[in-house]
Amino acid sequence: QKEVEQDPGPLSVPEGAIVSLNCTYSNSAFQYFMWYRQYSRKGPELLMYTYSSGNKEDGRFTAQVDKSSKYISLFIRDSQPSDSATYLCASVNSGNTPLVFGKGTRLSVIA
Amino acid sequence: EAGVTQSPTHLIKTRGQQATLRCSPISGHTSVYWYQQALGLGLQFLLWYDEGEERNRGNFPPRFSGRQFPNYSSELNVNALELEDSALYLCASNPRGPNEQFFGPGTRLTVL
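Quantities reported herein were computed from a predicted structural model and do not represent experimental measurements. (Residues numbered from 1 in each chain as written. Chains lettered and ligands numbered in written order. Predicted model: local features only at pLDDT ≥ 70, side-chain atom pairs only at ≥ 80, totals over all residues. Heavy atoms only, no water.)

Student: Help me out: how do you make sense of the overall build of chain B in this one?
Tutor: The helix and strand tally for chain B stands at 0 helices and 11 strands. Counting helices and strands in the order they occur from the N terminus, chain B gives β-β-β-β-β-β-β-β-β-β-β. Relative to a compact globule of 112 residues, whose C-alpha radius of gyration would be 13 Å, chain B shows 13 Å and is just as compact. When its C-alpha atoms are laid out on the principal axes, chain B stretches across 40 × 25 × 25 Å. Taking all 112 residues of chain B together, 50% fall into the buried category. Across chain B, the fraction of contacts at a sequence separation of at least 24, relative to all contacts at a separation of at least 6, is 52%. With the model as given, the accessible surface of chain B reaches about 5200 Å², and the carbon-plus-sulfur share is 50%. Computed over 9 positive and 10 negative side-chain charges, the inter-centroid distance for chain B is 7 Å. (Helix = DSSP H or I, 4+ residues; strand = E, 2+ residues; numbered from the N terminus. Rg over C-alpha atoms; globule rule 2.2 N^0.38 Å. Buried < 20%, exposed > 50% of the residue type's maximum accessible area, 1.4 Å probe, protein only. Contact = heavy atoms within 4.5 Å. Areas by Shrake-Rupley, 256 points an atom, 1.4 Å probe, with all protein chains shown as cover. Lys, Arg positive; Asp, Glu negative; His and termini not counted. Charge placed at Lys NZ, Arg CZ, Asp CG, Glu CD.)

Student: Can you walk me through the nonpolar core in this structure?
Tutor: All names here are of chain A. Ranked by internal contacts, the top residues of the largest apolar core, which has 23 residues, are Trp35, Leu74, Ile76 and Tyr87. Listed by contribution, the elements that provide at least two residues to this core are strand S3 (19–25), strand S4 (32–38), strand S5 (45–51), strand S7 (61–66), strand S8 (71–76), strand S9 (85–92) and strand S11 (105–110). No other element matches the 4 residues that S3 contributes to this core. Residues within four places of Tyr87 in sequence aside, it is in contact with Gln6, Leu21, Trp35, Tyr36, Arg37, Leu47, Phe61, Leu74, Ile76, Gly104, Thr105 and Leu107. (Core = buried A, V, L, I, M, F, W, Y, C linked by side-chain atoms within 4.5 Å.)

Student: Looking at this structure, how should I read the side chain of B:Glu75?
Tutor: With respect to the helices and strands, the residue B:Glu75 is situated in strand S8 (residues 74–78). In contact with B:Glu75, other than residues within four places in its own chain, are B:Thr20, B:Leu21, B:Arg22, B:Trp34, B:Ser65, B:Gly66, B:Arg67 and B:Phe69.

Student: Would you mind showing me how to read the sheet that holds strand S6 (residues 54–58) of chain A here?
Tutor: Across a sheet, paired strands are connected by hydrogen bonds in the backbone, their directions being either parallel or antiparallel. Residues and elements named next belong to chain A. What the 5 strands build is an open sheet, ordered S1-S3-S8-S7-S6; its pairing is antiparallel. Sheet topology places strand S1 (4–6) and S6 at the edges, where each strand pairs with a single neighbour. On average, adjacent strands in this sheet sit at an angle of 20° to one another, irrespective of strand direction. In terms of strand pairing, S3 meets S8 through 6 bridges, oriented antiparallel. Note on S8: the bridge partner recorded for Cys23 is Ile72. (Pairing = 2+ DSSP bridges. Axes fitted to C-alpha atoms, helices over the stretch in contact; angles between N-to-C directions.)

Student: What should I look at first to understand the interface of chain A and chain B in this one?
Tutor: One frequently used descriptor of interface size is the decrease in accessible area upon assembly of the parts. Tallying the contact residues gives 20 residues for chain A and 26 residues for chain B. Buried area between chain A and chain B, both sides added, is near 1700 Å², and the carbon and sulfur share of it is 53%. Across the contact surface, chain A and chain B share 0 salt bridges. Every element with two or more residues in the side of chain A that touches chain B is listed here: S4, S5 and S9 of chain A. The leading source of residues in the side of chain A that touches chain B is S4(A), at 4 residues. (Buried area = accessible area lost by both parts, 1.4 Å probe. Salt bridge = Lys/Arg side-chain N within 4 Å of Asp/Glu carboxyl O.)

Student: Can you help me understand unusual backbone geometry in this one?
Tutor: For residues that are not glycine, phi is negative in most cases, and the peptide bond is trans in most cases. In this structure, the amide linkage connecting A:Gly9 to the following residue, A:Pro10, adopts the cis form with an omega of 10°. Examined against the element boundaries, A:Pro10 turns out to sit in the loop between S1 and strand S2 (11–14). B:Ser7 connects to B:Pro8 through a cis peptide bond whose omega is -10°. Among the structural elements, B:Pro8 can be located in the loop between strand S1 (5–7) and strand S2 (10–13). Phi at B:Glu51 takes a positive value of approximately 50°, unusual for a residue other than glycine. The class of B:Glu51 is partly exposed, set by a relative accessible area of 36%. Phi angles above zero are rare outside glycine, and B:Ala80 is one such case at about 45°. In this structure, B:Ala80 sits in the loop between S8 and strand S9 (87–94). Since its relative accessible area comes to 42%, B:Ala80 is described here as partly exposed.

Student: What is the right way to read the pattern of salt bridges from this model?
Tutor: Side chains that differ in charge, positive against negative, can pair when their charged atoms come close. All names here are of chain B. Tallied over the entire structure, the rule returns 8 salt bridges over all chains. In this structure, the salt-bridge partner of Arg67 is Glu75, at a minimum N-O distance of 3.3 Å. A residue is classified by how much of its surface remains accessible, and Arg67, at 44% relative accessible area, is partly exposed. What you see here is one network of salt bridges that share partners, running through Arg22, Arg67 and Glu75.

What follows is the structure, given as structure tokens:
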């Protein structure tokens, strides 16, 4: 079993929809959770960074971590065509160690 | 503040050749990570350098190697290139302590 599982999609939604992206992980030692956005032919861009369980909000984006069920979510409100990208979840157990990535979910927001 | 930079943007090689990829971290960042992003496989961790030392390596053969220079920039070398080495190679950096890794734009390596 891969340490971080993510549905690759593709996911297609109309503009203005609420998008829910999800990952599960298997390593109980993971403490830090990130979401990256990657546009085509570009490097990943850090979107959200959370420590342990709970919610974190930044503008239209909300990251949620439930350590009891080993579930990571990213919600995008009022989705825009510019949100069309691949979204990667990543986890790690301690400082200065390599991230473990999901395979990414490809999102298309249709105008 | 300048982000992570990588060169070259694209690299085309033939089987058996060697490739050298370069990365400059964000100023003040001491750790550099290399990842391979091959089609359908997601990001796979390759190598981690900190303070000039190799700290960890992923599940890749020894022909993948690198080094970190005193100014914290880094080089990834891939010897005896194989077709399946074709991928986007990403470099990331972070300051000592926090886990927020910041990525460069990548080098797209094509092996013919």
